[in-house]
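Structural features, examined
What follows is each chain in one-letter form.
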Amino acid sequence: MPPPIPIRVVDSITELQPADAGCIALSGSHGGLSSARYAIAARPWLSVFNDAGVGRENAGIAGLDALQAAGLAALTVSHTSACIGQAASTLHDGIVSHCNPQALALGFETGKPLADQLDIITNTRRHP
C-alpha cells in the first residue's frame, strides 16, 4: 500500500518548498501564471487554487495549462465558494470550478465539493 499523500495547506502558493514535492498543495492563491510558476518549481502531486473569478483572458485559471504542460495536476475552486487567500476556505468550502486534464485523469470533477473529492481520491489511492 502506498503511503498517504501529504497535504500542505498554504494561504499562498509561494510558501511551498522543494520538500513539498509530491504533496497535495491546497492554496488560497489565484490560479494564474505567476502562481503556477511556484507550483511547477515545487512539483506537488496536485495543486489547488482559487479561480479568482476567472477574469480577462482567463487570467485567473491560466496556470492550469502551464501546470498541465509540466505534467502536473491542477484545479481551481470557485471564488464564489471559497475566500481568495484563505487555504482553509479552499479546503472546507471550495467547489471545484476548473480542472486541467491531469486532474481530470485523477478523477476530479467540476461542480462538486473539493473536500469530498479529496477524501475519495486519496482514500482510493491509499486503498486500491
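This text goes with the structure placed above it.
Attention here is on the structure that accompanies the text. Since the model is a prediction, treat every value here as computed from it, not as a measurement. Throughout, residues of each chain are indexed from 1 in the direction in which the sequence is written. Residue-level local features of this predicted model are given only where pLDDT is at least 70; pairs of side-chain atoms are given and counted only at 80 or more, and the full residue set underlies all totals for whole chains, interfaces and linings. To get the side-chain values, all heavy atoms of the structure are used, and hydrogens and water are removed first.

A few points about the pattern of salt bridges
- What counts as a salt bridge is simple: a side-chain nitrogen of Lys or Arg found within 4 Å of a carboxyl oxygen of Asp or Glu. Scanning the model with the defined rule gives two salt bridges in all.
- For R8, the salt bridge goes to D20, with nearest N and O atoms at 3.1 Å. With a gap of 12 residues between them, R8 in strand β1 (residues 7–10) and D20 in the loop between β1 and β2 (24–30) connect regions that are remote in the sequence.
- Classification of D20 by relative accessible area gives buried; the value is 12%. Helix and strand labels come from DSSP, where a helix needs a run of H or I of at least four residues and a strand needs a run of E of at least two; each type is numbered from the N terminus. Here's how the labels work: a residue is buried when its accessible area is under 20% of the maximum for its type, exposed when over 50%, partly exposed in between, all with a 1.4 Å probe on protein chains only.

Some thoughts on the side chain of Q117
- With respect to the helices and strands, the residue Q117 is situated in helix α5 (residues 114–126).
- With a relative accessible area of 7%, Q117 lands in the buried category.
- Within the structure, the side chain of Q117 is placed 3.2 Å from the backbone oxygen of K112, a separation counted as a polar contact.
- Here a residue-residue contact requires only that any non-hydrogen atoms of the pair lie within 4.5 Å. Among all residues touching Q117, those that are not within four sequence positions of it are V96, G107, F108, E109 and K112. Under this definition, polar contacts are N or O atom pairs within 3.5 Å; protein pairs additionally need one hydrogen-donor-capable and one acceptor-capable atom, and for neighbouring residues in sequence, both atoms have to be side-chain atoms.

Structural notes on helix α1 (residues 33–42)
- Taken residue by residue, α1 has S35, A36, A39 and A42 as its buried positions. Buried positions in α1, seen along its axis, are confined to an arc of 125° and lie on one side of it. With respect to the buried face of α1, the exposed residues turned more than 90 degrees away are R37 and A41.
- Tucked inside the fold, the buried residues of α1 contact β2, β3 (46–50) and α2 (63–69).
- Directly after α1, the chain includes R43, whose backbone phi takes a positive value near 60°. Picture the helix axis, draw a direction to every C-beta atom, and the arc is the one those directions span.

Some remarks on the nonpolar core
- Counting 17 residues, the largest nonpolar core has L26, L46, V48, L75, F108, L114 and L118 as its most contacted members.
- Elements with a minimum of two residues in this core: β2, β3, β4 (73–77), β5 (96–99) and α5.
- Setting aside residues up to four positions removed in sequence, L75 forms contacts with L46, S47, V48, F49, L64, V96, H98, C99, F108 and L114.
- Only buried residues count toward a nonpolar core, which is a set of Ala, Val, Leu, Ile, Met, Phe, Trp, Tyr and Cys residues joined through side-chain atoms within 4.5 Å. Core analysis: the next-biggest nonpolar cluster, separate from the first, contains 15 residues, C23, A39, V54 and L64 among them.

Focus on the environment of D93
- As for its position among the elements, D93 is in helix α3 (residues 87–93).
- Counting along the chain gives 12 residues from D93 to S81, while the straight-line C-alpha distance between them is 5.9 Å.
- Apart from the residues within four sequence positions on either side, D93 is in contact with S81 and A82.

A word on the sheet that holds β5
- Two strands form a pair only when DSSP identifies at least two bridges running between them. A sheet is described by the order of its strands in space; here five strands give the open sequence β1-β2-β3-β4-β5, paired in mixed fashion. Of all the strands in the sheet, the pair left with one neighbour each is β1 and β5. Within this sheet the neighbouring strands show an average axis-to-axis angle of 25°, counted without direction.
- Where β3 and β4 come together, five bridges link them in parallel fashion. When the sheet's bridge partners are listed, N50 is paired in β4 with V77. Interaxial angles span 0 to 180 degrees and are taken between N-to-C directions of axes, which are lines fitted to C-alpha atoms, for helices over the stretch in contact.

Keep in mind these values describe shape, not function.
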